[in-house]
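These are the residues of each chain, in order.
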Amino acid sequence: MPLFMELSPWLGSYYTIEPSISMKKERCFLQYGYFDNDRREYVINRVDTPASWTNYIGVNDYCAVLNQTAGGYSFYKSPQYHRVTRFRPNGVPLDRPGHYVYIRDDETGEYWSVSWQPVGKPLDEAAYTCRHGLSYSTYACDYREIEASQTVFVPLGDPVELWDVRLRSRADKPRRLSVYAYVEWSYHHIEMDNQNFQMSNYAAGSSYEDGAVLYDLFYEEFGYQFFTADFQPDGFDALRDAFIGLYHDESCPVGVERGELSGSFGKTGNHCAALRKRLTLAPGEEVRLLFLLGQGQLAEARAARERYADPRSVDACFAALAAYWDDKLSRLQVNTPNDNMNTSLNIWNLYQSEVNILFSRFASFIEVGGRTGLGYRDTAQDAMCVPHSNPDKCRSRIIELLRGETKAGYGLHLFQPEWFDPDKEDIKPFKSPTVVPEVNVRDIIGEDLRNVCSDDALWLVPAIVEYIRETGELSLLDEVVTYADGGEGTVYEHMTRILDFTDRQTGMSGVAKGLRADWNDCLNLGGGESAMVSFLHVWAIGHFVDAARAAGREEDAAKYEAMAARVREDSIAAAGGNEFVESPIDPKLYRISALTGAGVDSLKAAIATKVHALREAAREQAASDMQYDHVWELRREAREKRFDIISEGPGAWRVSGVQVERMVVQTDWENEEAVAFFQHRFKRMGVDTALEKAGARDGDEVRILGFSFAFESPTAGAVDVYQELDI
């Protein structure tokens with residue numbers, strides 16, 4: 001059977017059935033973009049991706065989460081309680097609103113956006129790209145002889161989001177344009193953004209002064225934001241409905257359509273920030289505009305404008321951001337024979353870990369900031385990834401997790417770090433204008449284990465030890481940290497309580513209980529056992545024993561080594577014996593790789609053969625065990641396996657026959673396994689051999705019904721992964 005199959009031109013597009021693994025990877029990586037290792041960017045040159053591909057802008061307290069079309073939101077310190085811009089997740093249209101820049105041709109009235117969305121010009125008319133870099137994203141558009149770009153980043157240590165916008169004209173005449181920048185303000189709290197609008201729409205106000213749109217959430221001490229620019233705007237809007245218009249959306253805002261902003265603002269309603277700048281570009285001329293989205297009132301807006309009034313200061317901040325990541329990435333560089341592996345290990349793995357440890361995993365387009373503070377397990381896993389590149393943040397997260405541990409030895413699955421922080425800022429809490437039940441932390445801790453995930457705290461033990469290995473700070477073991485339910489103990493004691501808790505929480509077989517969940521949060525074990533937690537227990541003990549020995553506590557090291565040996569023995573016994581003894585069902589061991597696919601075909605073929613053999617054995621056993629008064633023999637009509645081969649001209653052959661045509665129609669050509677099985681059956685019927693005897697050569701076209709195949713001789717060496725099957 002040929003390795004490649006193509007649908008006939010009259011049936012549609014061409015389709016490759018089974019390319020090599022390397023071809024699959026190349027197509028996967030290059031269909032929508034590619035990694036630019038020199039610039040440490042992922043370049044999306046086909047922006048209509050099947051899902052949002054997001055980036056994180058910022059490395060301190062201010063963060064924006066933006067996708068490849070500039071959709072997304074920003075927040076300050078907390079994605080749950082201090083949103084800056086609004087976001088409607090899982091909606092239609094996809095991932096709106098965002099941080100948008102519009103361009104309008106004031107001569108024709110046509111307009112578009114620098115990012116592909118929200119206007120969404122046809123991709124065969126306008127060229128769009130997005131470059132996701134380390135803590136910045138650049139959107140670029142080339143349309144109607146205007147080249148435009150928008151680079152979004154947050155300077156180190158400054159809670160201001162900068163939009164560096166550049167336009168260049170390739171036209172042979174002057175172009176009169178207007179540039180509009182737009183965001184929609186959040187009510188800071190995700191609940192207020194999405195419910196009880198009789199409260200939300202009266203909880204905030206907007207105003208405009210000295211070139212800045214100002215926003216105020218009335219019920220917070222520091223509930224202020226601003227949006228301004230490095231120029232005097234030619235118009236503004238601060239009310240969303242005035243800029244967008246009724247029965248319009250971000251793709252067609254009336255403020256851009258009509259070319260005039262209305263100067264709206266008020267103390268009720270849905271608020272936004274929209275600024276306009278008129279431009280006349282001479283042929284070949286380039287202009288640069290800066291928009292600033294930040295924390296604070298008018299004084300902070302003016303100060304930010306002054307800080308970044310000189311474009312060289314913007315460039316210096318961008319260079320400092322690059323140097324920041326240079327330093328982190330230089331701490332560990334790995335060289336392997338695989339370039340893709342090097343790209344992942346040396347750039348993107350660390351970048352993702354750093355983002356997670358900075359902002360938690362609760363700020364994304366999936367977890368959109370509505371869950372409480374930190375996830376215990378996630379934060380511990382993230383902490384152990386960055387002790388070499390971000391030891392300070394790693395340490396602070398470890399302390400927060402230790403404070404979220406109870407004296408019993410389990411961690412609170414979700415918690416706000418400030419609940420247990422003795423040094424938290426003395427800020428007046430948000431006072432909702434309506435009745436909202438307050439959270440009682442003691443209720444979250446509770447008296448039973450119904451909300452305890454059995455694996456959570458175990459991850460903290462290796463995180464602590466990895467931090468000590470990297471930094472040499474062995475004294476951390478003796479630092480005293482509080483427990484979530486009162487009292488205090490050393491870090492060392494916290495770790496022993498974690499290990500002892502799991503040792504107590506075992507089932508009848510000695511395997512650890514799953515409790516509420518065991519890493520799979522949706523499992524809801526309800527008292528079952530989890531081998532995974534027992535394995536994790538042994539792994540965590542190994543890390544602890546290293547720390548105990550480094551601290552000179554040999555007695556504890558021996559005690560917990562014995563605990564690990566017992567857990568290992570109980571787990572093996574519960575599984576039916578030594579895991580290295582050959583299985584009585586199938587004595588063969590298979591080495592496979594999920595990454596490369598090596599060995600998978602052999603394993604699938606062996607499983608298929610074994611299943612076939614077991615079914616036959618079961619049928620024979622069932623037949624021998626049953627007694628019948630009468631036996632009738634039903635002869636099934638043999639399948640019509642005959643086929644005809646007809647030459648339809650040079651290099652073209654027609655194969656016809658009931659069985660072969662049925663096989664073609666019933667095969668799912670988008671399923672690689674189905675195609676491989678079709679190839680196997682095609683070969684077993686002898687069609688390949690018959691074609692070769694009839695004179696078919698490699699590359700000839702073989703037609704069956706409306707399908708067209710490229711012939712490959714049976715001696716060409718194509719692998720039949722189902723050759724062990726007698727079917």
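No experiment lies behind these values; they were computed from the predicted model shown.

Observations regarding the overall build of the protein
For step 1, the next point in the chain: Scanning the protein for helices and strands turns up 19 helices and 27 strands.
For step 2, the next point in the chain: For the protein, the proportion of its 727 residues judged to be buried stands at 47%.
For step 3, the next point in the chain: Across the protein, contacts joining residues at least 24 apart in sequence account for 65% of those joining residues at least 6 apart.
For step 4, the next point in the chain: In the structure as shown, the protein presents an accessible area of about 36,100 Å², 51% of it carried by carbon and sulfur atoms.

Re helix α19 (residues 687-694)
For step 1, the next point in the chain: Listing the buried residues of α19 in full gives V687, D688 and L691. Buried residues along α19 cover an arc of 100° about the axis, so they all sit on one side.
For step 2, the next point in the chain: Contacts made by the buried residues of α19 are with β24 (644-647), β25 (652-656), α18 (672-684) and β26 (701-704).
For step 3, the next point in the chain: Positive phi appears at G695, one or two residues downstream of α19, with a value of about 110°.

With respect to the packing of helix α17 (residues 658-666) against α18
For step 1, the next point in the chain: Where α17 meets α18, the closest approach of the two axes is 11 Å, and the angle between their N-to-C directions is 170°. Compared by their axis directions, α17 and α18 come out roughly antiparallel. Every residue of α18 that contacts α17 at Q659, V660, M663 and V664 is listed here: F678, R681 and F682.
For step 2, the next point in the chain: Its residues assigned to classes, the contact of α17 with α18 comprises five nonpolar, one polar and one charged.

Examining the sheet that holds strand β7 (residues 100-105)
For step 1, the next point in the chain: Overall, antiparallel pairing links the five strands, which are arranged β8-β7-β13-β18-β17 in an open sheet. What marks the edges here is a single partner per strand, and that holds for β8 (111-113) and β17 (235-239). On average, each strand axis in the sheet is inclined to that of its neighbour by 20°, with strand direction left out of account.
For step 2, the next point in the chain: Here strand β13 (residues 175-184) runs beside strand β18 (residues 271-281); their pairing, made up of 10 bridges, is antiparallel. Along β18, the bridge assignment pairs V179 with K277.

A short note on the environment of A484
For step 1, the next point in the chain: Assignment of secondary structure puts A484 in the loop between β22 (480-482) and β23 (488-490).
For step 2, the next point in the chain: By relative accessible area, A484 is classed as buried at 2%.
For step 3, the next point in the chain: For the pair A484 and L401, spaced 83 residues apart in sequence, the C-alpha separation works out to 9.5 Å.

Brief notes about the pairing of strand β6 (residues 72-76)
The side chains of a regular strand alternate between both faces of the sheet.
For step 1, the next point in the chain: When you tally the buried positions in β6, you get five out of five residues, the bulk of the element.
For step 2, the next point in the chain: Neither face of β6 is open: one carries G72, S74 and Y76, the other Y73 and F75, and all of them are buried.
For step 3, the next point in the chain: With five bridges connecting them, strand β5 (residues 62-66) and β6 associate as antiparallel partners. Looking at the pairing, L66 lines up with G72 of β6.
For step 4, the next point in the chain: Here β5 folds back onto β6 in antiparallel fashion, the turn holding five residues, of which A70 has a positive phi close to 70°.

Overview of the layout of surface pockets
Over the atoms a probe the size of a water molecule is rolled, and this reveals where empty space is left.
For step 1, the next point in the chain: Each pocket or cavity is described by its volume, and for the second largest pocket that value is around 1,300 Å³.
For step 2, the next point in the chain: Lining the second largest pocket are 35 residues; nearest its centre among them are F35, W53, T54, W348 and Q352.
For step 3, the next point in the chain: At nine residues, helix α8 (residues 339-359) tops the list of elements feeding residues into the lining of the second largest pocket.

Section: the side chain of Q68
For step 1, the next point in the chain: Along the chain, Q68 falls in the loop between β5 and β6.
For step 2, the next point in the chain: Classification of Q68 as buried rests on a relative accessible area of 5%.
For step 3, the next point in the chain: Among the polar contacts listed, one links the side chain of Q68 to the backbone oxygen of V47, at a separation of 3.3 Å.
For step 4, the next point in the chain: A polar contact is formed between the side chain of Q68 and the side chain of T49, at a distance of 2.8 Å.

Quick word on empty space enclosed by the protein
For step 1, the next point in the chain: Under the criterion given, the structure shown has five cavities of 30 Å³ or more.
For step 2, the next point in the chain: A volume near 60 Å³ is recorded for the largest cavity.
For step 3, the next point in the chain: Contributing elements (two or more residues each) for the lining of the largest cavity: β19 (286-295) and α7 (311-330).
For step 4, the next point in the chain: The greatest single-element share of the lining of the largest cavity, amounting to three residues, is contributed by β19.
For step 5, the next point in the chain: For the lining of the largest cavity, a count of residues per class yields six nonpolar, no polar and three charged.

Digging into the pattern of salt bridges
For step 1, the next point in the chain: In the structure shown here, the tally under the stated rule is 54 salt bridges.
For step 2, the next point in the chain: Where D106 meets R276, a salt bridge forms, and the shortest distance between an N and an O atom there is 3.8 Å. Of the two residues, D106 sits in the loop between β7 and β8 while R276 sits in strand β18, which places them 170 residues apart along the sequence.
For step 3, the next point in the chain: A relative accessible area of 18% means that D106 is categorised as buried.
For step 4, the next point in the chain: We classify R276 as buried; its relative accessible area is 3%.
For step 5, the next point in the chain: Within the structure, one salt-bridge network assembled from shared partners comprises R86, R88, E184, D193, R240 and D241.

Definitions and cut-offs
- Residues numbered from 1 in each chain as written.
- Predicted model: local features only at pLDDT ≥ 70, side-chain atom pairs only at ≥ 80, totals over all residues.
- Heavy atoms only, no water.
- Helix = DSSP H or I, 4+ residues; strand = E, 2+ residues; numbered from the N terminus.
- Buried < 20%, exposed > 50% of the residue type's maximum accessible area, 1.4 Å probe, protein only.
- Contact = heavy atoms within 4.5 Å.
- Areas by Shrake-Rupley, 256 points an atom, 1.4 Å probe, with all protein chains shown as cover.
- Arc of directions from axis to C-beta.
- Axes fitted to C-alpha atoms, helices over the stretch in contact; angles between N-to-C directions.
- Parallel < 35°, antiparallel > 145°, perpendicular 65-115°, else oblique.
- Nonpolar A, V, L, I, M, F, W, Y, C, P; charged D, E, K, R; others polar.
- Pairing = 2+ DSSP bridges.
- 1 Å grid on protein atoms, 1.4 Å probe; cavity = no way out; pocket = protein on both sides within 12 Å on 5 of 7 lines; lining within 4 Å.
- Points joined across faces, edges and corners; volume = space filled by probe spheres on them.
- Polar contact = N/O pair within 3.5 Å; in protein donor to acceptor, adjacent residues only side chain to side chain.
- Salt bridge = Lys/Arg side-chain N within 4 Å of Asp/Glu carboxyl O.

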